[in-house]
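# Fold and contact review
Listed here are the chains, written in short residue letters.
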Amino acid sequence: MSQIPVIAHREYTQRVRSKAFIIATALGPILMLVLLAVPILAAVFSSEEEARTIAVVDQSEVIGDYLDFPGNYEVEETRQTIDELRARVDAGELSGYLVLPPSLLSGDGAARYYSRGGGGIMATERIEDSVRDAVREARILQTGAPDAVLGILSERVDVQMIQITDEGERTDSTQILAVFGYFMGFLIYICVILYGAIVMRGVIEEKTSRISELIASSARPFDLMMGKVLGIGAMGLTQWLIWIFAGVGLTFVAGLVLGSVMDPTLIDGDAAGAAAATPQFRQFLPDIPSLFPVYFLLFFLGGYLLYSSLMAAIGSAVEQEADAQQFMWIVIMPLIIPTVLIVNVMSNPDGVLATTMSLIPLFSPIVMVVRMAATNVPWWEIWLSLVLLAGAFVFAIWISSRIYRVGILSYGKRPTFKELARWMREA
Amino acid sequence: MLKVNTVTKRFRTKLAVDAVSLSASSGRILGLLGPNGAGKTTTIRMIAYITTPDTGEITFDGKRVGPWSQRVMGYLPEERGLYRRMKVGEQLEYLGRLKGIPRTDARETAKKWLDRFDAADWWSKRIDELSKGMQQKVQFVSTVLHNPDLLIFDEPFSGLDPINAELLQSVILELKEEGKTILFASHRMEQVEQLCDDICMIANGRIVLNGTVREIKQSYGRDTVGLEFDGSSRFLDDLEDAGRIRVITRTHQATEVRLIDGTSPRQVLDAALAEVDTLFRFEVVEPPLNEIFISVAGGSNTDASETSA
């Protein structure tokens, strides 16, 4: 009779009732909001760059007329000497000055921007863009090209990608597909960091609290490891479900409150606008099979459990948490490899690389999800991949239970592969 | 009936257990003794199915040990340990459930046992709030909670104060009366001597002595003298220097000496009377187990394992 449910139940109830869990669950969303808010706020503030005053010394006498800086740049055409300008820069009156030599028009010289440095990449790019555009325009006009040519040059060129599928044509949205892969990679990574680390710590704790010998005389290490990973996994899911429900609930309440305060006609108008926007919006989203969310969830769970059991194996192999660092590549590398290769997978989702990687358990959660979004993956490939993933999970638990068993018995020495092999035979 | 049949266990280069055979029967306490590193714990772990022998076989009630025997076995490891942040009650319920008994039964028995150890009000205390001695008691309760037929105690008295050690001893004797098979491992010979019916001595992974306490002690004969006296004790040094005796214990007023090289008790008595002011006690006894162990293990290369059967 298996003791997995008993062990998983303890892991789950002990942890869900702990203060640490309650605090983390309460503070998690706040932390997430902060994490989300920081880049947004940063973007908002950085777009409101401080105003800059730039002096332009136009020795070409032409290009200056075509210079077109963004609104927050104040441009001052000047005939002051370089020394005077430098003094003004030193005094802080000017952010910098731009020198446009006559040779710039013929294509030999280079524009020079003098400043005391700083301003960042964005400022540098803006100035470069503005000067480049102005020089190009001036050069074209100098050749006496007709307006029609100018018009052609400034026209946008759109290329739409249409993918031919069994169901018909659909917009190819490779860029958006990548998001699923990165999102999956990110999600698994976060969960491994949050909960996998708890699994690892839990396994180490069994050894440091010296209860391992008592447990080993009552339960198979396999059951212990499986129970731990499943129990802590359920704890993680509980936390996410609480967050999701709280988020949905808050949004709903906020909607009600806003609705009671705001003019109903306004809301109607908004709703109509939203409805009108939807079809357009939908065009940007790839056509995804209706079962996609289900598969996404299955691959997420499989990946999460597999990576958690790797963390359990690491916990089994080390004496204390500090020693675990040297083994973390076992978990990090398989997450990085598919993330790096997502572009290749998307560019050829039916190729050998993509197909192979979408079947290899450690890569499949990320790669298969991208492939499913990018192309029509035959159903048997999806299920084969899922079965392999589940098999790898059980195998990883099995391996970690062997390492654990040898770990508690041997006198502080690392298990050799030979010893591991013997344990696998005998148990 | 527990039977260990020519069991060998090797750790890489070290032969931890070398062809060990022993048996323990219901209603008796078998003392497993030997110094640290002799192979006691490895033997126990194989009996508890935490590890498996390289060769040989271990059976309980005629069946090879395995997950099934873990359920009818209670094991108190030398290295004590419980989940530190878990409450006493929940912990005992959990450990009981791991042994396959329902939660309600586990709770009932756990409460009964805690009561016995004067610890009923610890139920909702966390383990790390308890003292070492209290944790010890909880650990013991976890060992007997599921009413196991086979009990293995590895150094059960270490860390207990005399009062609790006595309480534990009486509990162990009760369990013996109930017909449990009990294995008691220790390197404290006097405890083994007090408690055990049978003993099995291990040194360097091999059994050097095996039999009932009675038989073993009798086979060594009455070659030990106990003395209690007042006055000078220089006669002891003289006798020892002359190679007539070996001093086992010696305090200010009392001593225990082993007669060697055919020294008669009379010689010791004469020497004592010639020197001490008052002699309170003079007694010829069997040697303590410790002495037997030293003579056996010391000369274990000259095979001493056939002392008695």
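Residues numbered from 1 in each chain as written. Chains lettered and ligands numbered in written order. Predicted model: local features only at pLDDT ≥ 70, side-chain atom pairs only at ≥ 80, totals over all residues.

### Comments concerning the interface of chain B and chain A
- Facing the 22 residues of chain B at the interface are 17 residues of chain A.
- Residue assignment for the side of chain B that touches chain A shows that the elements contributing at least two residues are α2 (67-71) and α3 (88-98) of chain B.
- Tallying contributions element by element places α3 of chain B first for the side of chain B that touches chain A, with four residues.
- Classifying every residue of the side of chain B that touches chain A gives 12 nonpolar, four polar and six charged. (Contact = placed C-beta atoms within 7 Å. Helix = DSSP H or I, 4+ residues; strand = E, 2+ residues; numbered from the N terminus. Nonpolar A, V, L, I, M, F, W, Y, C, P; charged D, E, K, R; others polar.)

### Some words on the nonpolar core
- Grouped together as the largest cluster of nonpolar side chains are 140 residues, with contacts concentrated most on Val369 and Val370 of chain A together with Ile152, Leu183, Phe184 and Met201 of chain B.
- Ignoring sequence-local partners within four residues, the contact set of leucine 183 of chain B consists of Ala24, Leu30, Leu32, Ile44, Leu151 and Ile152 of chain B. (Core = buried A, V, L, I, M, F, W, Y, C linked by C-beta atoms within 7 Å. Buried ≥ 20, exposed ≤ 12 C-beta atoms within 10 Å, placed from the backbone.)

### Digging into the domain arrangement of chain B
- With domains assigned, chain B is organised as domain 1 (2-217) and domain 2 (222-285).
- The C-alpha centroid of domain 2 of chain B is placed 39 Å from the C-alpha centroid of domain 1 of chain B. (Domains from an automatic or database assignment.)

### A look at the sheet that holds strand β2 (residues 14-24) of chain B
Residue and element names in this part refer to chain B.
- What the four strands build is an open sheet, ordered β2-β1-β4-β5; its pairing is antiparallel. Two strands in the sheet have a free side with no partner beyond their single neighbour: β2 and β5 (63-64).
- Packing of helix α1 (residues 40-47) onto the sheet brings it into contact with β1 (2-11), β2 and β4 (55-60), and relative to β1 it is tilted by some 120°. (Pairing = 2+ DSSP bridges. Axes fitted to C-alpha atoms, helices over the stretch in contact; angles between N-to-C directions.)

### A few points about unusual backbone geometry
Residues and elements named next belong to chain B.
- A positive phi angle, close to 35°, is found at threonine 6, a residue other than glycine.
- Residue placement: threonine 6 occurs in strand β1.
- Notably, asparagine 204 is not glycine yet its phi reads approximately 50°, a positive angle.
- Along the chain, the position of asparagine 204 falls in the loop between β9 (198-203) and β10 (206-212).

### Digging into the sheet that holds strand β11 (residues 224-230) of chain B
Residues and elements named next belong to chain B.
- Ordered by their spatial adjacency, four strands build an open sheet running β12-β13-β11-β14, and the pairing between neighbours is antiparallel. A strand with exactly one partner marks an edge of an open sheet, and here the two such strands are β12 (245-250) and β14 (278-285). Across this sheet, the average inter-strand angle for adjacent strands is 20°, counted without regard to direction.
- Where β11 lies against strand β13 (residues 254-259), five bridges are found, and the strand directions are antiparallel. Paired with glycine 226 across the bridge in β13 is glutamate 256.

### Some thoughts on the packing of α3 of chain B against helix α4 (residues 103-116) of chain B
Residue and element names in this part refer to chain B.
- The geometry of α3 relative to α4 is characterised by a closest axis approach of 8 Å and an angle of 125° between their N-to-C directions. If you check the angle between α3 and α4, you find them oblique. In this structure, the crossing between α3 and α4 has a hand that is right-handed. Contacts between α3 and α4 pair Gly89, Leu92, Glu93, Gly96 and Arg97 from the former with Arg103, Ala106, Arg107 and Ala110 from the latter. (Parallel < 35°, antiparallel > 145°, perpendicular 65-115°, else oblique. Left-handed = near helix turned anticlockwise from the far one by under 90°.)

### Considering the pairing of β10 of chain B
- Looking at chain direction, β9 of chain B and β10 of chain B are connected through six bridges and run antiparallel. Note on β10 of chain B: the bridge partner recorded for cysteine 200 of chain B is asparagine 210 of chain B.

### Considerations on helix α5 (residues 132-144) of chain B
Residue and element names in this part refer to chain B.
- Over its 13 residues, α5 runs 19 Å from end to end, which matches the ideal 18 Å to within 8%, given 1.5 Å per residue.
- Of all 13 residues making up α5, 10 are buried, and the element is well covered by its neighbours.
- Taken together, the buried positions of α5 are occupied by Gln135, Gln136, Lys137, Val138, Gln139, Phe140, Val141, Ser142, Thr143 and Val144.
- Of the surrounding elements, those touching the buried residues of α5 are β6 (73-76), α3, α4, β7 (150-154) and α6 (162-177). (Expected span 1.5 Å × (residues − 1).)

### Section: the environment of glycine 27 of chain B
Residue and element names in this part refer to chain B.
- Tracing the backbone through its elements, the reader meets glycine 27 in the loop between β2 and β3 (29-33).
- Sequence-wise, glycine 27 and serine 295 are 268 residues apart; in three dimensions their C-alpha atoms are separated by 30 Å.
- Apart from residues no more than four positions distant in its own chain, glycine 27 is found in contact with Lys176 and Gly179.

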